[in-house]
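Fold and contact review
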Amino acid sequence: QVQLVESGGGLVQAGGSLRLSCAASGRTFSSFVMGWLRQAPGKEREFVAGIGWSGRSTYYADSVKGRFTISRDNAKNTVYLQMNSLKPEDTAVYYCAAARAGPTAIFRHEYDYWGQGTQVTVSS
């Protein structure tokens, strides 16, 4: 069992940056593949970025590649999403998620635990 709490969302102008954080409870954080997914109004929840157990392996959706960076600090039980060069189409609720299986997790059904989500709004 793990509980996830996101923070860092907000309103930013196009071209700006935000850093999302996700704090996890429990002592088994390093055993989970972690990911960020997002859901815009009227759209399906989509994969954004994922990171392996140690943090050495990262992977991204094409739409954010080169702009977003996922990282994790297993000592702090925290995963981050640095978002640069934000675009209005990045506007969504961003969810942190944990997957027991691995080494990667891309699809929604692969994730076992979810945070409550944090709103990111990018104005044009």
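This write-up is about the structure you can find in this document. Given the structure is predicted, the values throughout are model-derived calculations rather than measurements. (Residues numbered from 1 in each chain as written. Predicted model: local features only at pLDDT ≥ 70, side-chain atom pairs only at ≥ 80, totals over all residues. Heavy atoms only, no water.)

Attention now moves to the sheet that holds strand β3 (residues 18–24). Spatially, the four strands line up as an open sheet ordered β1-β3-β8-β7, and their pairing is antiparallel. Looking along the sheet, the strands with just one partner apiece sit at the ends: β1 (4–7) and β7 (68–73). Across the sheet, the mean angle from the axis of one strand to that of its neighbour is 15 degrees, orientation sign disregarded. Summarising the sheet, β3 and strand β8 (residues 78–83) pair through six bridges and their orientation is antiparallel. Each residue of the ladder has a partner; that of serine 21, found in β8, is tyrosine 80. (Pairing = 2+ DSSP bridges. Helix = DSSP H or I, 4+ residues; strand = E, 2+ residues; numbered from the N terminus. Axes fitted to C-alpha atoms, helices over the stretch in contact; angles between N-to-C directions.)

Moving on, we get to unusual backbone geometry. Residues apart from glycine generally show negative phi values, whereas peptide bonds are mostly found in trans. Here the amide bond leading from glycine 102 into proline 103 is cis, since omega sits at 5 degrees, within 30 degrees of zero. Position of proline 103 relative to the elements: it lies in the loop between β9 (92–99) and β10 (113–114). Phi angles above zero are rare outside glycine, and asparagine 77 is one such case at about 55 degrees. In this fold, asparagine 77 is placed in the loop between β7 and β8. In this model, serine 85 sits at a positive phi of 50 degrees, which is unusual for a non-glycine residue. Residue placement: serine 85 occurs in the loop between β8 and β9.

So, on to the state of the cysteines. Under the definition given, this model contains one disulfide. The disulfide that involves cysteine 22 links it to cysteine 96, with 2.1 Å between the sulfurs. Disulfide cysteine 22-cysteine 96: torsion about the S-S bond near -75 degrees, hence left-handed. Within this pair, whereas cysteine 22 is found in strand β3, its partner cysteine 96 is found in strand β9, the two being separated by 74 residues in sequence. Accessibility classification places cysteine 22 together with cysteine 96 in one group, the buried group. (Disulfide = S-S within 2.5 Å. Buried < 20%, exposed > 50% of the residue type's maximum accessible area, 1.4 Å probe, protein only.)

Secondary-structure assignment places valine 33 in strand β4 (residues 33–39). The exposure class assigned to valine 33 is buried, which follows from its relative accessible area of 0%.

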